[in-house]
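# Structural overview for review
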Amino acid sequence: MKNVSFFKILCTLLIVISVSIFSYKAFVLGFPLKPDEDSNWWNIEAEIIFDAKDNATSLTLQLPRSDYLYDISNEHIVARGYGAVYNEVDQKNRSVRLTKRRADGKQIIYYSAAIRQKDEQYSLPDSPPPNFSDLNFTEAQLTAADNLISFIGEKSFDSESFISLLAEEIKKPTNSNTFYLVEGLKSNLSKVNLMVKILALAGIASDTLHGIPLEFEGRNLSLFHWVEVYVDNKWRTFDFNNGIFAVPENFLIWWRGSIPLAKGVGIEDLRINISVQQRIESQLSHSLALIQKSAPAVTAFSLLSLPVDTQELFKTILLIPLGALLLVILRNVIGISTFGTFMPILVALAFVQTKLLAGIILFSTIVALGMFFRLLFEKLHLLLVPRLAAILIIVVLIMAMLSIVSYRLGFNFGLSVAMFPMIILTMTIERMAIVWDENGATAALRQGLGSLCIAVIAYLIFVSSYIEFILFVYPEVQLIFLAFTLLVGRYTGYRLMDLYRFKAFAEGK
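Residues numbered from 1 in each chain as written. Predicted model: local features only at pLDDT ≥ 70, side-chain atom pairs only at ≥ 80, totals over all residues. Heavy atoms only, no water.

## Observations concerning helix H14 (residues 441-462)
Selection criterion: For the purposes of this entry, the term helix denotes a DSSP run of H or I that reaches at least four residues, the term strand denotes a run of E that reaches at least two, and both are numbered from the N terminus. Here, expected helix span is obtained from the residue count minus one, scaled by 1.5 Å. Any residue under 20% of the maximum accessible area for its type is buried, any over 50% is exposed, and the rest in between are partly exposed; the area is computed with a 1.4 Å probe on protein chains only. Any two residues whose heavy atoms approach within 4.5 Å are treated as being in contact.
Between its first and last C-alpha, H14 extends 31 Å over 22 residues, near the 32 Å set by a 1.5 Å rise per residue. Listing the buried residues of H14 in full gives Ala443, Ala444, Gln447, Gly448, Gly450, Ser451, Leu452, Ile454, Ala455, Ala458, Tyr459 and Phe462. In this structure, the buried residues of H14 make contact with helix H9 (320-334), helix H10 (343-354), helix H11 (356-378) and helix H13 (422-439).

## Digging into the confidence of the model for the protein
Note the cut-off: What pLDDT reports is the predictor's confidence in each residue, on a scale of 0 through 100.
Of the residues in the protein, 88% have a pLDDT of 70 or more, and the chain-wide mean is 82. For the protein, per-element mean pLDDT is lowest for helix H18 (residues 503-506), which scores 56, and highest for helix H16 (residues 478-489), which scores 90.

## Observations regarding the environment of Val227
Along the polypeptide, Val227 turns up in strand E6 (residues 224-231). You can call Val227 buried: its relative accessible area is 0%. Measuring from C-alpha to C-alpha, the distance between Val227 and Asp207 comes to 5.8 Å, with 20 residues separating the pair along the chain. Those residues in contact with Val227, other than ones at most four positions away along the chain, are Val192, Met195, Val196, Leu199, Ser206, Asp207, Thr208, Arg236, Thr237 and Phe238.

## Looking at the packing of aromatic side chains
Counted only if it meets this: Between the rings of Phe, Tyr and Trp (Trp by its six-membered ring), a pair exists once the centres lie within 6.5 Å; its type follows the angle of the planes, with under 30 degrees stacked, over 60 edge-to-face, and the other angles tilted. Distance and angle both matter: a charge sits over a ring if NZ of Lys or CZ of Arg is within 6 Å of the ring centre and within 35 degrees of the ring normal.
Inspection of every chain in the model, using the stated rule, returns six aromatic pairs. Ring geometry for Phe372 and Phe373: centres 5.4 Å apart, planes at 80 degrees, overall edge-to-face. On the accessibility criterion, Phe373 (29% relative accessible area) is partly exposed. If you follow Lys171 out to its NZ or CZ, it ends over the ring of Phe240, 5.4 Å from the centre. Cation over ring: Lys315 sits above Phe472, and NZ or CZ is 6.0 Å from the ring centre.

## Comments concerning the nonpolar core
Put simply, the test is: By nonpolar core is meant a set of buried Ala, Val, Leu, Ile, Met, Phe, Trp, Tyr and Cys residues that side-chain atoms within 4.5 Å join together.
Among the nonpolar cores identified, the biggest contains 54 residues, and Phe351, Phe363, Ile366, Val395, Phe462, Leu471 and Tyr474 are the most heavily contacted of them. Only H9, H10, H11, helix H12 (384-408), H13, H14 and helix H15 (465-473) provide two or more residues apiece to this core. With eight residues, H14 is the single largest residue contributor to this core. Setting aside residues no more than four positions away along its own chain, Tyr474 makes contact with Phe22, Lys25, Ala26, Phe31, Pro32, Leu33 and Phe469.

## Section: the pattern of salt bridges
To keep things clear, this is the line we draw: Salt bridges are identified by distance alone: a Lys or Arg side-chain nitrogen within 4 Å of an Asp or Glu carboxyl oxygen.
A full pass over the atoms with the stated rule returns 13 salt bridges. Here Lys53 and Glu268 are joined by a salt bridge, their closest N and O atoms 3.9 Å apart. You can see Lys53 sitting in strand E1 (residues 41-63) and its partner Glu268 sitting in strand E11 (residues 267-278), a full 215 residues away along the chain. When its relative accessible area of 48% is taken as the criterion, Lys53 is described as partly exposed. Judged by relative accessible area, which is 42%, Glu268 ranks as partly exposed. For Asp54, the salt bridge goes to Arg102, with nearest N and O atoms at 3.5 Å. Taken together, the residues span a long stretch of sequence, with Asp54 in strand E1 and Arg102 in strand E4 (residues 94-117) at a distance of 48 residues. A single network of salt bridges, built from pairs that share partners, joins Arg374, Glu378, Arg387 and Glu430.

## As for the environment of Lys34
Within the secondary structure, Lys34 is located in the loop between helix H1 (2-28) and E1. Using a relative accessible area of 61% as the deciding quantity, one classes Lys34 as exposed. Distance from Lys34 to Ile467, taken between C-alpha atoms, is 8.8 Å for residues 433 residues apart in sequence.

Structure (structure tokens):
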């Protein structure tokens, strides 16, 4: 009896604490209750990682600049022990040079800034830039470039088609001259610079701009490259990544020209990770400004104080307890059978990346093919651990095959198959095979469909921007999830599915 009373007090206390903190933040401090989809603020962060070999080190990093499209504010550079000298020579670029007399080992430098978008439209220059005076081609490269121009010219109709075909040829070479010119060019930036030099050789004035589309939030984002070309006495913008003529929208121009984003002296293995997040805290700025003096602990211990990439990570992590509560209810109260305890939740997270229909197709294909090979392995009488390892290898090979085949067929969804948790798929195939052997194919398919059903329901919850916003801004809601999970954990009554299973028995048949 005492245990029951303590259990009820504990659950009630968790709910009261959660509701109290939530109400205080929402109604006293003024935290919003829904995301502001029209917010035009973003946080950007660049993580620069390199190795230094116990010598003098210098790193030059290109920085975005305020213009008629964006305001750059709240810039911070975290570079312990480095001196910083800012440079803004022309109207195109600005940079910072970071220096250190002696650096050794792994070095990590952070750059962060707040970006505010103005109500302006992207505009093109009025006059063409001067052509390259020195294309920096060797005699052999110059001959190959001339031949490439002739090759593309024979297939093109006008300047626009020439530019599109040239970009496609540089990205996916089919001509021996192109193979020679792109040899050793690994980055898209180097290929864009090659395209600009070839355009100059063909008599087409051009300039390059590089940056990130702010509509893509997340970590480790790829840079996009645009080329401004002067054709038919007017400027046009060409998206090199996608190979189309278009106008940049929500595109932050980070820097212009052929120079790289970062370069240095005395450094090796340079890597740059860029993160972008639409600023939730911009909606909370008024509340945060008020509580920094009266209740600084709320700000100090808020998830909004974490780095941008960590915030993006917690947006996903905080969804998992809600999925776990959903799984508990569907299994213990409804009675839906699944493979594994958390397999449907992890699959649902993969669906968020692959999209629902593509995710279902990929998941079903991998499990079906894996089951086929698992039944073949049954005849080999393998021990458990080697059998699981063999299934894991098969799953990896299937995922690789699906990616290659889908890409060759022109479907991009297969490229996201890597989002599926390989270990979970391996265990799912093993459990499904065991149920198949012990209870028959019907039971195995029933549990498989039950797992897929829960994954789909969890996916529909995970993709809700409102739920994501509430769980991130109000993480105390997790205490309510905990309380309900404890309550369901004490439930020992009939499940709803049992009413159907024992219907005949209840009717006395």
